[in-house]
Amino acid sequence: MNKGSNGLSQRVATCFSAAADQYHSYDVLQQQTAKRLLAQMSPCKHLLDIGAGPGTSFTHLNGLEQVTSLDIAPGMLRILATNFPEYLAVCGDAQNLPFASASVNGIYSNVALQWCDDLELAISEANRVLTAGGEINLSIVAQDSLYQLRDLGFKINQFIAPSRLLACFDTDLWHIEVCETQAVNVYFSDLKAMLQSIKGVGAAIVKPAKATNLPQVTLRGRKDWQALQAKAELSRAPEGLPLTYNISFIKARKKR
Ligand SMILES: C[S@@+](CC[C@H](N)C(=O)[O-])C[C@H]1O[C@@H](n2cnc3c(N)ncnc32)[C@H](O)[C@@H]1O
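Values in this document were obtained by computation on a predicted structure and should not be read as measured data.

Draft legend 1. Local environment of the sheet that holds strand 6 (residues 174–188). Ordered by their spatial adjacency, seven strands build an open sheet running 3-2-1-4-5-7-6, and the pairing between neighbours is mixed. Two strands in the sheet have a free side with no partner beyond their single neighbour: strand 3 (88–91) and strand 6. Each strand axis lies, on average, 15 degrees off the axis of its neighbour in the sheet, ignoring direction. In terms of strand pairing, strand 1 (residues 46–50) meets strand 2 (residues 66–71) through five bridges, oriented parallel. Within strand 2, the residue paired with Ile-50 across the bridge is Leu-70. The strands touched by helix 3 (residues 74–83) within the sheet are strand 2 and strand 3, with strand 3 carrying the most contacts at an inclination of about 175 degrees.

Draft legend 2. Quick peek at the packing of aromatic side chains. Overall, the coordinates contain five aromatic pairs when judged by the stated rule. Taking the centre distance of 4.6 Å and the plane angle of 5 degrees together, the rings of Phe-84 and Tyr-87 count as stacked. Each residue in the set Phe-58, Phe-84, Tyr-87 and Tyr-108 is aromatic and connected to the rest through ring pairs, giving one cluster.

Draft legend 3. How the structure looks around the environment of Arg-150. Tracing the backbone shows Arg-150 in helix 5 (residues 147–151). Leaving out residues up to four positions away in the same chain, Arg-150 has contacts with Asp-144 and Ile-156.

Draft legend 4. Just the site of the ligand, in detail. Taken together, 21 residues sit near the ligand, with Tyr-23, Gly-51, Asp-71, Ala-94 and Asn-110 positioned nearest. In this structure, Asp-71 approaches the ligand through a side-chain N or O atom, which is 2.6 Å from an oxygen atom. Between Ala-94 and the ligand, the recorded distance is 2.9 Å, taken from a backbone N or O atom to a nitrogen atom. For the ligand, the protein covers 97% of the area, taking 600 Å² as the surface of the free molecule. Secondary-structure elements contributing two or more residues to the shell around the ligand are helix 1 (7–19) and strand 2. Class assignment for the residues of the shell around the ligand results in 13 nonpolar, six polar and two charged.

Draft legend 5. Examining the UniProt feature "domain: Methyltransferase type" (unreviewed entry) in the protein chain more closely. This chain's UniProt record puts "domain: Methyltransferase type" (unreviewed entry) on residues 48–136. Here residues 48–136 runs as 24% helix and 30% strand, with 9 Å between its end C-alpha atoms.

Draft legend 6. Up close: the environment of Phe-58. Mapped onto the secondary structure, Phe-58 falls in the loop between strand 1 and strand 2. We classify Phe-58 as buried; its relative accessible area is 2%. Once the C-alpha coordinates of Phe-58 and Ser-163 are considered, the two residues, 105 residues apart in sequence, prove to be 29 Å apart. Not counting residues within four places of it along the chain, the set of residues in contact with Phe-58 comprises Leu-38, Met-41, Leu-47, Asp-49, Leu-64, Val-67, Tyr-87 and Tyr-108.

Criteria and thresholds
- Residues numbered from 1 in each chain as written.
- Predicted model: local features only at pLDDT ≥ 70, side-chain atom pairs only at ≥ 80, totals over all residues.
- Heavy atoms only, no water.
- Pairing = 2+ DSSP bridges.
- Helix = DSSP H or I, 4+ residues; strand = E, 2+ residues; numbered from the N terminus.
- Axes fitted to C-alpha atoms, helices over the stretch in contact; angles between N-to-C directions.
- Contact = heavy atoms within 4.5 Å.
- Phe/Tyr/Trp six-rings, centres within 6.5 Å; stacked < 30°, edge-to-face > 60°.
- Near = heavy atom within 4 Å.
- Polar contact = N/O pair within 3.5 Å; in protein donor to acceptor, adjacent residues only side chain to side chain.
- Areas by Shrake-Rupley, 256 points an atom, 1.4 Å probe, with all protein chains shown as cover.
- Nonpolar A, V, L, I, M, F, W, Y, C, P; charged D, E, K, R; others polar.
- UniProt positions renumbered as here; feature names shortened; annotations may be inferred.
- Buried < 20%, exposed > 50% of the residue type's maximum accessible area, 1.4 Å probe, protein only.

Spelled out as structure tokens, the structure:
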């Protein structure tokens, strides 16, 4: 890992590495957002995937010659190297990209940058490594996500407001082509499966000084857990228990 790594980054790396082997059993949200993000991308020659996890197929992009996959979690990169041996896998932090300026033509980042302490720095790094005219396609978990868990008494990480996300893009450097926030619901058979979905992708990480992600509810025994389950059941839909993620999608082009 490079010198930009801080305490949070180290914990993010450890958690996501531990989840790497089972990641694809739980990545329902990630697959939904990837579908939308992949559909809005323009062709490019050299693509950088930031927070690549176990890797994404970009075969639909015409003329793509090289994919560089960056992730802070070595465990994710180990799986990625098996899934996509043709990609260049690099361990590093989005806030301190270990790449030369103007070295890639496109950037893709699917639900990864919400883990950055300094999102503005990550966006400025993305601008530095892009060639002029290159585009970033980004999805990020935004404000008011996971409200069902919050309503059950779980403390949830603070996610960025869409207006603050947009403000990270310096309009002297970027032309914003798409900026939309959309609620994406994922459904579960029960509360246990809902909680496991967060842990299963490695996202049960406590962010310091703000709020935490997973259980802050004090469960003193079976009865407390049953009461919590009963409360969760009140929001059941025909598809199952819903968990809502507000996802901001951005497509921005580096100005010439
Ligand atoms: C929810 S996973 C998404 C993985 C993949 N993009 C996908 O679509 O399935 C988030 C990934 O971002 C990585 N990540 C988190 N913070 C990072 C940072 N500061 N720099 C690089 N990667 C980071 C994690 O290690 C994890 O693999």
